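Inside the fold
In case you want the letters, here they are:
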Amino acid sequence: MTDTPKIMLDPDRLFPADPTTRSFAREIYETIRDLPIVSLHGHVDPALLAADEPFRSATQLLVTDDHYITRLMVSQGVPLDLFDWTRPAGREAAASDREVWREFCRRWPAFRATPSRLWLEYELVEILGVDERPSAESADRIFDAIAERLDDAAFRPRALFERFGIDVLATTDEPWSDLAYHDVLRDSGLRGAVIPTMRPDKLFEVAHADWTESVRKFEEAAGARIDDAEDLIAAIAIRREFFRSRGATATDHGSPTMEVRPMPAADVDRIFAAARAGAEVAAADADAFRAHMLFETARLAAQDGLVMQLHAGAIRDYDPRVSSVHGPDRGFDIPMWTDAANALRPLLGAFGFEERFRCVVYTLDESLWSRELAPLAGAYPALFLGAPWWFLDTPSAMRRHREAVTDTAGFYNTAGFVDDTRAFLSIPARHDTARRSDAAALAELVAAGLLPLAEAQELAIDLTSHIPTTVFRWKKEMDS
Amino acid sequence: MTDTPKIMLDPDRLFPADPTTRSFAREIYETIRDLPIVSLHGHVDPALLAADEPFRSATQLLVTDDHYITRLMVSQGVPLDLFDWTRPAGREAAASDREVWREFCRRWPAFRATPSRLWLEYELVEILGVDERPSAESADRIFDAIAERLDDAAFRPRALFERFGIDVLATTDEPWSDLAYHDVLRDSGLRGAVIPTMRPDKLFEVAHADWTESVRKFEEAAGARIDDAEDLIAAIAIRREFFRSRGATATDHGSPTMEVRPMPAADVDRIFAAARAGAEVAAADADAFRAHMLFETARLAAQDGLVMQLHAGAIRDYDPRVSSVHGPDRGFDIPMWTDAANALRPLLGAFGFEERFRCVVYTLDESLWSRELAPLAGAYPALFLGAPWWFLDTPSAMRRHREAVTDTAGFYNTAGFVDDTRAFLSIPARHDTARRSDAAALAELVAAGLLPLAEAQELAIDLTSHIPTTVFRWKKEMDS
Amino acid sequence: MTDTPKIMLDPDRLFPADPTTRSFAREIYETIRDLPIVSLHGHVDPALLAADEPFRSATQLLVTDDHYITRLMVSQGVPLDLFDWTRPAGREAAASDREVWREFCRRWPAFRATPSRLWLEYELVEILGVDERPSAESADRIFDAIAERLDDAAFRPRALFERFGIDVLATTDEPWSDLAYHDVLRDSGLRGAVIPTMRPDKLFEVAHADWTESVRKFEEAAGARIDDAEDLIAAIAIRREFFRSRGATATDHGSPTMEVRPMPAADVDRIFAAARAGAEVAAADADAFRAHMLFETARLAAQDGLVMQLHAGAIRDYDPRVSSVHGPDRGFDIPMWTDAANALRPLLGAFGFEERFRCVVYTLDESLWSRELAPLAGAYPALFLGAPWWFLDTPSAMRRHREAVTDTAGFYNTAGFVDDTRAFLSIPARHDTARRSDAAALAELVAAGLLPLAEAQELAIDLTSHIPTTVFRWKKEMDS
């Protein structure tokens, strides 16, 4: 028991190996290590913080709801059923939290050198105070040790939020949400803001089975009838204003492609009417409708100044059997090739120089970085490059991202790090990873004689704080 | 003569430059350097080992049959005719082996920093005991020195096979092969196994001039009439069983794309009948037929457990003048863009969770690694990422591959190294290169504080031995 | 004033951080640092050298005409109008040169770690003798200091040309140019050659508004009527001969794609006739016409030996509002995905082994390097890989380029560095950057035990001098 291997959190982790470069990285990291966390895009459920209940177990906290973890377990042969995501109330669990935890610990080698392991080690050691390395042998001891922590009020969501030093956390919300949790949190005395982000995807997917129901809910929320696309856009404008009044500074949009393209009104009306009548909508029509609605979103954004985030390039619900049985977001969304230059041309041609318009683009396709996105962001004032997203939210992809875009777009056409997480506990781990990665990248520029150390330190602060807060309009523009 | 430059085989070659990281690499490499070679995909001719004749000359051994070598010579202006690949028996050679060798030695600088040079230097120094650097001046001396070795029984194929420490070598065989050479080898007392792999590509290419003849040979081998696609599939099942009975654990499939997609039976029958009747088959039909047959292959694999290897993304016989005059595999197969996520969706939707099904995918398109293949392999239990293939079988591509896929798929969803070579003498050189590259990559993880050294060493052994033997079902599953 | 931060030009800039590797880089760089500049593709206006007038100001010299600089300023919110590129004679300037310079200096942080900053620092310190770091505070002082230099005859174009040690500079010229400036320069006693390059793009763009006018000018220059495509090709042959007689060794071709493909004569005639008649030409026809004319260009090149350069993959004039108001080449040309293997197949099939034919391909799409272009250049004797182009003309892209192509194509199927610049003052800065980058890349090969230092030094000289001069036929073939 006493000779179980320990997790060693190397204080120099992620820094370059060369001693001189490493010492630069340390100095740069020191300047930013303790800055407040600015988390302007993510998927933490505001109900978690509003309710402030204790977490149920290590499994709920670290495994079940983290698709980075569960998918890798599944890829190694763990049955999807184990996680029992869609268990109806009352039905018995397929496996207890403890059993799932044991399976997870047994699979620990599968996570070697993945960002999940990096985050988990940080969470275990730095947040939960557990330093045993997970294994079949240590699983129960770790489970119990974590259970003990979770009983402690210091490990409730709001206490952790404050301990993490979060200055602002943006959530992602349905367009019909009443934002009641945000109201609760604003009045709760929480140190740090929790602001909403409107994500109206479901209103744009006319071929989706839920579309009619989504529009109905949206009508109710907006207090306006929606009989055609014009009504829909008007209702969106109403709801954007509502979100803005509750502190939102941005909207978010997911799309398989980057197409943002207006369509003649007659076509829009035809597709809307067919969908409303419950007719089947052809895939090409559904794509064109989405592209049109994104264009109209940009038009609204150019007026009200909400920053438009575009997450493009994933095939959602890649495996219909998985999503129908186990629900969405189980790790079975798969990236695909996307075009940016042609797809974004109508958007940028119309709004790329508009003073109030701002678009942050996220991609899963690395080949777009140097070829299309950096040249676009390095030309249009309205376009910013989002942080490496999802599968690319890793130290090595961050390095590749900086290498691919800095030459052409510099640092100040990027939007800064966003953690984009559902896994609340991983927030400080992810920001620490991003800060270390930036420190490493900047240290290499210093070592290569391309940037004096003092400038690198100033730049590190900009990347950590000033760039995200100003690009996402959380604070006033940087004076530059 | 005495001052000819020598080949210096740096004992630390391919290791990181930073001294601390290099020392980690050395320690990791030491753990795996002398492990037996597991070569579970490749193109060594079993006849070579069955006949066990002496090699004819340095030229035959190292140049003529290695398209990595000949294509680079051709690109620098050496006429294709020099190699005289398709010389009919009795016709005089365009150039003697010695003349070809001289031309090769004269072109040595063209190979600077290529993997071919790395392999050749290993072969010359470590296997053949020659350390003169090839040049116009040294060509004859090296040719003669090698000739002397080749006279020695210790340099016959089987002796080399045993000296290389090969535990198992998989060949790639026509689906109608009687596997007689494998029978010979099994009974020969050779230390190490030589197992066959069925590659039925020619049966799937209905637009190819040889298709009818291939089907005819296959009928004979299977002992069954083939009048429609159903018959063809039934005959394939018979032959798979035959290959399995001779030790095969896998099949191999080459395809320009990754499309694996079932087609309605009526269409399959129509295309088969047209091809059988000698009618011209449209390219789209030929593609659909191949995709369908690959889908049926997966169905069989889910039953008999033969691992399905898919090599996709090359335009074969890119230059018809080259292939018609000089034959296939002369370096004029050129990779092209391929899609994985959409193309593999029917396969994974149908068989991605089947217990006995296993698919190893190889690509020539690096942009697929992080974007599509790692997310797929990091989700589906049936999918494994093949080693960097062909043009990507190089130390730098290996590093890029590890960087691109490990974050998302980890190490245990990859299939381990395969040498994939026709050039028998390069087998140990290629495995040594892969081991050094892995040691270097793991050492960098250790230096970055992401992996303790002991874990890196354990992982190195898994990558070298356990992963390939279990993924390819050569040995029972790893207990994990 | 005295405590303004200085620009520190690190003598080891761009070299690897590891001390041993760095010392190799230094030794390699020393061998090539002072070699004459060979600049065989670029956009310096020959009129600049022929007129030999003093530069007007720092702004004209370093900012306004450099789209790398202006686009990054625009991306950060500087209005395009500031640069006033298309001001008609007599109209007052929107902003004085000094005001533009102040804006540029204020934006200095936007250039952190970009190649523009690297080049500018070299130009300021090494050429202009200014070492204050640009900022709002220092702007006027630097402007005045540069003004003082520009008054000096030593800073006139021809004096700088000689100081830069330029052995040969190739310009890029309209196909109807009389090359009068080149005549002036040849007779001027200038140390170093200035040779023309014919770029007939405008003759190939039948859908372009200016096409008829371009053909008219070309008729006049060629002294031949052009009534159909055959006439056009004949006239091109005449003009190629004229360019050759004035020292040209190459032509240059820009195309959105890499399509080079012959078309039936009837189609060519139909499209030509329609365009000549002023009818609108469909985009597909315009693309096919361009592809056909590029094929015919290759045919001519296989006869007269002019090296064919192909720059493919940019959407020109991406934003019509920008180009119509501010002109072309303002940083709003955006790369897009391109195919090489299929697109180049007709070209290589027809001319890939032609003795006199030679094609240098440049791409903006990194994913082509390892996947398609290196395999093609590593097989066909006629194909050479151009230097990393435009957005990829950066130290980090150069490293990625070497890594991606060397394994498969070696060094001797690349065409060597070309600076491709409009910004005259940046020529030595760009060549120094390329030499340092090559020294760094070769040093890493030495450190990894893949290349002895002496061979790396020999190779560095080849990359700097012998390869470009022989590939572009400026000098006789390397004896190899």
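Residues numbered from 1 in each chain as written. Chains lettered and ligands numbered in written order. Predicted model: local features only at pLDDT ≥ 70, side-chain atom pairs only at ≥ 80, totals over all residues. Heavy atoms only, no water.

**Focus: the overall build of chain A**
The condition is simple: Helix and strand assignments come from DSSP, with helices taken as H or I runs of at least 4 residues and strands as E runs of at least 2, each series counted from the N terminus. Radius of gyration: C-alpha atoms only; globule rule: 2.2 Å multiplied by the number of residues to the exponent 0.38. To sort residues, take the accessible area from a 1.4 Å probe on protein chains only and compare it with the maximum for the residue type: under 20% means buried, over 50% means exposed, and anything in between is partly exposed. To measure how exposed things are, a 1.4 Å probe is used in the Shrake-Rupley method; for residues, cover is taken only from the protein chains shown. Charged residues are defined narrowly, with Lys and Arg counted positive, Asp and Glu counted negative, and His plus the chain ends left uncounted. Lysine's charge is taken at NZ, arginine's at CZ, aspartate's at CG and glutamate's at CD.
A count of helices and strands for chain A gives 20 helices and 9 strands. In terms of C-alpha radius of gyration, chain A reaches 23 Å, essentially the compact-globule figure of 23 Å for 480 residues. Per-residue burial over chain A gives 63% buried out of 480 residues. When the accessible surface of chain A is totalled, it reaches about 17000 Å², and 51% of it is carbon and sulfur. Here chain A contributes 54 positive and 79 negative side-chain charges, whose respective centroids are spaced 2 Å apart.

**Structural notes on the interface of chain C and chain A**
For clarity, the cut-off: Throughout, a residue-residue contact means that at least one pair of heavy atoms, one from each residue, lies within 4.5 Å. Buried area is calculated as the accessible area (1.4 Å probe) missing from two parts once they are joined, with the contributions of both summed. A pairing counts as a salt bridge when a side-chain nitrogen of Lys or Arg comes within 4 Å of a carboxyl oxygen of Asp or Glu. Here a polar contact is recorded for every N or O atom pair within 3.5 Å, except that within protein the pair must consist of a potential hydrogen donor and a potential acceptor, and residues adjacent in sequence are included only if both atoms are side-chain atoms. Under this grouping Gly is polar, as are all residues other than the nonpolar Ala, Val, Leu, Ile, Met, Phe, Trp, Tyr, Cys and Pro and the charged Asp, Glu, Lys and Arg.
Each partner contributes residues to the interface: chain C has 51 residues there, and chain A has 46 residues. In total, about 3700 Å² of surface goes out of reach between chain C and chain A, with carbon and sulfur atoms giving 49% of it. The interface formed by chain C and chain A contains 7 salt bridges. The residue C:Arg112 makes a salt bridge to A:Glu455 at a minimum N-O spacing of 2.8 Å. Counting the contacts that link chain C with chain A gives 23 residue pairs in polar contact (both at pLDDT 80 or more). Broken down by secondary-structure element, the contributors of at least two residues to the side of chain C that touches chain A are α1 (19-32), α4 (67-75), α6 (115-127), α15 (320-326), β7 (334-335) and α18 (395-409) of chain C. Counted by class, the side of chain C that touches chain A contains 24 nonpolar, 8 polar and 19 charged residues.

**Some thoughts on the sheet that holds strand β9 (residues 383-385) of chain C**
All names here are of chain C. Put simply, the test is: Whether two strands pair comes down to DSSP finding at least two bridges between them. Fitted lines through C-alpha atoms give the axes, limited to the stretch in contact for helices. The angle between two N-to-C directions lies from 0 to 180 degrees.
Spatially, 4 strands are ordered β4-β5-β8-β9 in an open sheet, and the strand pairing comes out parallel. What marks the edges here is a single partner per strand, and that holds for β4 (250-255) and β9. Ignoring which end each strand starts from, the neighbouring axes of this sheet average 25 degrees apart. Across 3 bridges, strand β8 (residues 359-363) lies against β9 in parallel orientation. If you follow Val 360 over to β9, its bridge partner there is Phe 384. Helix-sheet contacts for helix α17 (residues 367-377) involve β8 and β9, and the interaxial angle to β9 is about 145 degrees.

**Digging into the relation of the copies chain C and chain A**
The test is simple: Copies are brought into register by a least-squares superposition over C-alpha atoms of residues with pLDDT of at least 70 in both.
Once turned by 120 degrees and shifted 0.0 Å along the axis, chain C lies on chain A with an RMSD of 0.0 Å. The transformation just described matches what one would write down for a three-fold rotation axis. For chain C, the smallest separation between a C-alpha atom and the rotation axis is recorded for C:Asp18, amounting to 3.4 Å. Comparing interface residues between copies, only 6% of those in chain C also lie at the interface in chain A; the contact surfaces differ.

**A word on the nonpolar core**
For clarity, the cut-off: Definition of nonpolar core: a set of buried residues of the types Ala, Val, Leu, Ile, Met, Phe, Trp, Tyr and Cys, connected through side-chain atoms within 4.5 Å.
By size, the foremost hydrophobic cluster in this structure holds 174 residues, and its most contacted members are B:Leu62, B:Trp101, B:Phe104, B:Ile146, B:Leu442, C:Leu344 and C:Phe357. Setting aside residues no more than four positions away along its own chain, C:Phe357 makes contact with C:Ala298, C:Ala301, C:Ala302, C:Met308, C:Leu347, C:Phe351 and C:Ala382. Listed in part, the 173 residues of the second largest apolar core include A:Leu300, C:Leu72, C:Leu160 and C:Leu185.

**Focus on the relation of the copies chain B and chain C**
Look at the two chain copies: a rotation about an axis and a shift along it is all it takes to match them. Between the two copies, chain B and chain C, the superposition gives an RMSD of 0.0 Å; the rotation angle is 120 degrees and the shift along the axis is 0.0 Å. Here only 6% of the contact residues of chain B are again contact residues in chain C; the copies associate through non-equivalent surfaces.

**Quick notes on helix α13 (residues 265-276) of chain B**
All names here are of chain B. Our working definition: Here the expected span of a helix is defined as 1.5 Å times the quantity of residues minus one. In this context, the arc is that of the directions from the helix axis out to the C-beta atoms.
Given a rise of 1.5 Å per residue, 12 residues ought to cover 16 Å, and the 16 Å separating the end C-alpha atoms of α13 matches this to within 8%. Taken residue by residue, α13 has Val 268, Ile 271, Phe 272 and Ala 275 as its buried positions. The arc that holds the buried residues of α13, viewed along the axis, is 100 degrees, so those residues lie on one side.

**Here we look at the packing of α6(C) against helix α19 (residues 427-447) of chain C**
Residues and elements named next belong to chain C. Note the cut-off: To sort the angles, those under 35 degrees are grouped as roughly parallel, those over 145 as roughly antiparallel, those from 65 to 115 as roughly perpendicular, and the leftovers as oblique. Crossing handedness is read from the near helix: turned anticlockwise from the far helix by less than a right angle, it gives a left-handed crossing, and turned clockwise, a right-handed one.
In the contact formed by α6 and α19, the axes pass within 9 Å of each other and the chain directions differ by 120 degrees. Between α6 and α19, the interaxial angle falls into the category oblique. Crossing angle aside, the handedness with which α6 passes α19 is right-handed. Residue-level contacts link Leu 118, Trp 119, Tyr 122, Glu 123 and Ile 127 of α6 to Pro 428, Ala 429, Arg 430, Asp 432 and Thr 433 of α19. Of the residues in the contact of α6 with α19, the class split is 6 nonpolar, 1 polar and 3 charged.

**A word on the pairing of strand β5 (residues 307-312) of chain C**
Residue and element names in this part refer to chain C. By the criterion of burial, β5 is predominantly enclosed, with 6 of the 6 residues buried. Neither face of β5 is left uncovered, since the one carrying Val 307, Gln 309 and His 311 and the one carrying Met 308, Leu 310 and Ala 312 both have all their residues buried. Pairing geometry for β4 and β5, over 6 bridges, is parallel. Note on β5: the bridge partner recorded for Ala 250 is Val 307. Inspection of the sheet shows β5 paired to β8 by 5 bridges, in the parallel sense. Looking at the pairing, Gln 309 lines up with Val 360 of β8.

**What about the packing of helix α12 (residues 229-245) of chain C against helix α14 (residues 283-304) of chain C?**
Residues and elements named next belong to chain C. Put simply, α12 and α14 touch, their axes get as near as 11 Å, and they point 45 degrees apart. Considering their axes alone, α12 and α14 lie oblique with respect to each other. Crossing hand, α12 versus α14: right-handed. In this structure, α12 uses Leu 232, Ile 233, Ile 236, Ala 237, Arg 240 and Arg 244 to contact α14, whose residues at the interface are Phe 289, Met 293, Glu 296, Thr 297, Leu 300, Ala 301 and Asp 304.

**Some details on the side chain of A:Thr64**
Assignment of secondary structure puts A:Thr64 in helix α3 (residues 58-64). For A:Thr64, the residues in contact, after removing those within four places along its chain, are A:Thr59, A:Thr70, A:Phe83 and A:Trp85.

**Digging into the pattern of salt bridges**
Enumeration over the complete set of coordinates arrives at 146 salt bridges over all chains. A salt bridge links C:Arg102 to C:Asp140; the shortest N-O distance between them is 3.0 Å. Pair noted here: C:Arg102 is in helix α5 (residues 97-106) and C:Asp140 is in helix α7 (residues 139-150), with a separation of 38 residues, a long-range link. Taking relative accessible area as the criterion, C:Arg102 reaches 36% and is therefore assigned partly exposed. A residue is classified by how much of its surface remains accessible, and C:Asp140, at 27% relative accessible area, is partly exposed. In this structure, a network of salt bridges that share partners links the residues A:Arg112, A:Arg117, A:Glu121, A:Arg133, B:Glu455 and B:Glu458.

**Structural notes on the environment of B:Thr21**
Secondary-structure assignment places B:Thr21 in helix α1 (residues 19-32). B:Thr21 sits 230 residues away from B:Thr251 along the chain, and the two C-alpha atoms are 39 Å apart.

**Details of the interface of chain B and chain C**
Taken residue by residue, the interface counts 51 residues in chain B and 46 residues in chain C. When the buried surface of chain B facing chain C is broken down by residue, B:Arg112, B:Ala113 and B:Tyr318 rank first, second and third, together holding 20% of it. At the junction of chain B with chain C, the criterion picks out 7 salt bridges. Residue C:Glu403 pairs with B:Arg399 through a salt bridge whose shortest N-O separation is 2.8 Å. The interface formed by chain B and chain C holds 24 residue pairs in polar contact (both at pLDDT 80 or more) in total.

**Thoughts on the environment of B:Thr414**
Residue and element names in this part refer to chain B. Relative to the helices and strands, Thr 414 is located in the loop between α18 (395-409) and α19 (427-447). With residues near it in sequence (within four places) discarded, Thr 414 still touches Phe 384, Leu 385, Arg 402, Val 405, Leu 463, Ile 467 and Val 471. Among the polar contacts made by the side chain of Thr 414, one reaches the main-chain carbonyl oxygen of Phe 411 at a distance of 2.6 Å.

**With respect to unusual backbone geometry**
In the Ramachandran plot, B:Asp84 falls in the positive-phi region, its phi being about 55 degrees despite a non-glycine side chain. When you line up the elements, B:Asp84 lands in the loop between α4 (67-75) and α5 (97-106).

**Structural notes on the pairing of strand β8 (residues 359-363) of chain B**
Residue and element names in this part refer to chain B. Defined as follows: If the strands point away from the viewer and the path from the first strand over the helix to the second runs clockwise, then the crossover is right-handed.
Here β8 lies mainly inside the structure; 5 of its 5 residues are buried. Neither face of β8 is left uncovered, since the one carrying Cys 359, Val 361 and Thr 363 and the one carrying Val 360 and Tyr 362 both have all their residues buried. The parallel pair β8 and strand β9 (residues 383-385), bridged by helix α17 (residues 367-377), forms a crossover whose chirality is right-handed.

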